[in-house]
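Working through the structure, step by step
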Amino acid sequence: MSKSKHYTGLIERYRDRLPVSATTRIISLNEGNTPLIQLQNIPRLLGKAVNIYVKFEGLNPTGSFKDRGMTMAVTKAVEAGSKAIICASTGNTSASAAAYAARAGIKAFVIIPEGKIALGKLAQTLMYDATIIQIKGNFDKGMALVKEVADHAPVTIVNSINPFRIDGQKTAAFEIIDDLGDAPDYHCLPVGNAGNITAYWKGYNEYTTSTDSHPAVTSKRPVMCGYQAAGAAPFLAGKMIDNPETIATAIRIGHPQSWDKAWSAQKESGGWFDKFSDDEILAAQKMLSQYEGIFCEPASATSLAGACHDIRSGKIPEGSTIVCTLTGVGLKDPDTAIKQCVDSQPLTIEAELTAVKKAILDTM
Ligand code: F0G
């Protein structure tokens with residue numbers, strides 16, 4: 001009888017391209033292997049002949065792309081004998097760190113900006129039983145504190161300044177090439193701390209490079225398009241900003257840690273940065289839900305807002321294949337979703353057939 005195959009996570013899948021050995025204990029929740037979904041209705045709405053795919057990273061175990069980096073970071077922390085991890089977070093990193101720490105049986109400390117974390121992320125982090133430290137300050141302040149405290153306490157930092165995070169996250173680029181058969185023409189991403197754009201660029205580059213152990217998989221690399229929220233757009237300002245503000249709380253960041261690497265990705269790929277207002281971001285989030293049945297969190301929709309803008313303007317030409325990363329699932333932030341649907345609140349009626357029939361006929 002043949003043994004059934006179980007997907008066991010991205011480290012097993014890409015083991016020969018990741019810094020693990022045969023004896024490393026892998027801390028995994030079967031992350032990765034997320035769907036690359038081709039949009040069917042939005043290209044028609046745009047009136048443009050383009051192939052748009054979304055890489056739905058919200059379908060990772062804790063609902064965001066952070067799990068790719070966290071499986072590696074926590075695996076390596078445990079291998080090095082660490083008993084505790086720490087991160088600053090706008091919400092998703094903290095949820096992911098807390099889950100992988102629970103899985104590994106170590107402690108997680110998370111520093112979050114008070115009142116600026118989406119509800120779902122807070123609920124997860126509480127359930128995974130991390131120690132949550134809320135600060136009266138934003139993510140950037142939290143990040144600075146994490147870097148300082150790691151010199152004074154036995155904790156491993158699992159923010160994306162930890163190189164193992166980038167190694168785990170680069171596997172999303174491998175999956176895209178493995179699925180499409182080649183790199184896309186354009187890759188669109190929301191940019192906050194800039195770890196993810198750095199990771200994708202690393203992944204795309206590694207698949208074009210031949211080494212002693214690997215022949216190159218392709219010679220093609222995509223143009224990298226990094227999109228920010230208008231109120232939190234240091235890459236557009238050309239400098240760090242101190243009071244970032246956006247409804248897309250995941251990317252409410254003014255001092256990105258991977259500043260130089262993100263600029264390299266932009267320059268080397270011939271790409272660009274752009275910024276979009278909160279209204280434009282929410283409109284893209286709603287459009288994706290309404291016309292494709294794909295519900296992502298606000299920050300994630302920044303990639304689609306940018307792609308649609310650049311397709312409409314012709315900057316991304318017809319005939320292109322475009323991948324937008326959807327970094328987190330929509331359920332992370334139910335408050336923002338419900339608030340933006342004020343015009344389509346549920347109907348409340350009597351529990352009887354005639355009332356239900358009337359409600360249906362009135363809306364058809
Ligand atoms: N999208 C979502 C949903 C995020 O949570 C983040 C970052 C980003 C995009 C931006 O990615 O920082 O690599 O450029 N969230 C971090 C956190 C900062 O703490 O969860 P980036």
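Residues numbered from 1 in each chain as written. Predicted model: local features only at pLDDT ≥ 70, side-chain atom pairs only at ≥ 80, totals over all residues. Heavy atoms only, no water.

**Considering the site of the ligand**
- Of all residues adjacent to the ligand, which total 20 residues, the nearest are Thr90, Asn193, Ala194, Asn196 and Thr327.
- Here an oxygen atom of the ligand sits 2.8 Å away from a polar atom, N or O, in the main chain of Thr93.
- Gly192 has a polar backbone atom sitting 2.8 Å from an oxygen atom of the ligand.
- In the complex, the protein chains occlude 99% of the 480 Å² of accessible area that the ligand would expose alone.
- The set of elements that each furnish at least two residues to the shell around the ligand consists of helix H4 (92-104) and helix H9 (195-208).
- A class-by-class count of the residues in the shell around the ligand yields eight nonpolar, 10 polar and two charged.
- Structurally, the shell around the ligand is a two-domain feature, drawing no fewer than three residues from each of domain 1 (10-63 + 165-340) and domain 2 (66-161). (Near = heavy atom within 4 Å. Polar contact = N/O pair within 3.5 Å; in protein donor to acceptor, adjacent residues only side chain to side chain. Areas by Shrake-Rupley, 256 points an atom, 1.4 Å probe, with all protein chains shown as cover. Helix = DSSP H or I, 4+ residues; strand = E, 2+ residues; numbered from the N terminus. Nonpolar A, V, L, I, M, F, W, Y, C, P; charged D, E, K, R; others polar. Domains from an automatic or database assignment.)

**A closer look at the nonpolar core**
- Core analysis: the largest hydrophobic core is formed by 36 residues, its most contacted members being Leu39, Ile42, Ile52, Leu288, Leu304, Ile322 and Cys324.
- Elements supplying a minimum of two residues to this core: helix H2 (42-46), strand S2 (51-56), strand S7 (186-190), strand S8 (223-229), strand S9 (272-276), helix H12 (278-292), helix H13 (298-313) and strand S10 (321-326).
- Ranked by the residues each element gives to this core, the list is headed by H13, at seven residues.
- Beyond its immediate sequence surroundings of up to four residues, Ile42 is in contact with Met287, Leu288, Tyr291, Glu292, Leu304 and Cys308. (Core = buried A, V, L, I, M, F, W, Y, C linked by side-chain atoms within 4.5 Å. Buried < 20%, exposed > 50% of the residue type's maximum accessible area, 1.4 Å probe, protein only. Contact = heavy atoms within 4.5 Å.)

**A few points about the domain arrangement of the chain**
- Here the chain is described as being made up of domain 1 (10-63 + 165-340) and domain 2 (66-161).
- Placing a centre on the C-alpha atoms of domain 1 and another on those of domain 2 gives a separation of 22 Å.
- In this assembly, 47 residues from domain 1 lie in contact with 38 residues from domain 2.
- Interface of domain 1 and domain 2: buried area, both sides summed, is about 3,500 Å²; carbon and sulfur atoms make up 52% of it.
- Residue Arg68 is joined to Glu175 by a salt bridge in which the shortest nitrogen-to-oxygen separation is 2.9 Å.
- Put simply, domain 1 and domain 2 have 23 residue pairs in polar contact (both at pLDDT 80 or more) between them.
- Counting residues per element, the ones that place at least two in the side of domain 1 that touches domain 2 are helix H1 (10-13), helix H7 (163-169), helix H8 (171-180) and helix H14 (334-340).
- Of the residues forming the side of domain 1 that touches domain 2, the biggest block, four residues, is contributed by H7. (Buried area = accessible area lost by both parts, 1.4 Å probe. Salt bridge = Lys/Arg side-chain N within 4 Å of Asp/Glu carboxyl O.)

**Some thoughts on the sheet that holds strand S5 (residues 131-135)**
- Read from one edge of the open sheet, four strands run S5-S4-S3-S6, paired in parallel fashion. The outermost strands of the open sheet, each flanked by one partner alone, are S5 and strand S6 (156-157).
- Taken together, the five bridges between strand S4 (residues 107-113) and S5 define a ladder with parallel strand orientation. If you follow Ile111 over to S5, its bridge partner there is Ile133.
- In this fold helix H6 (residues 139-149) packs onto strand S3 (84-88), S4, S5 and S6, with an angle of close to 150° to the strand it touches most, S3. (Pairing = 2+ DSSP bridges. Axes fitted to C-alpha atoms, helices over the stretch in contact; angles between N-to-C directions.)

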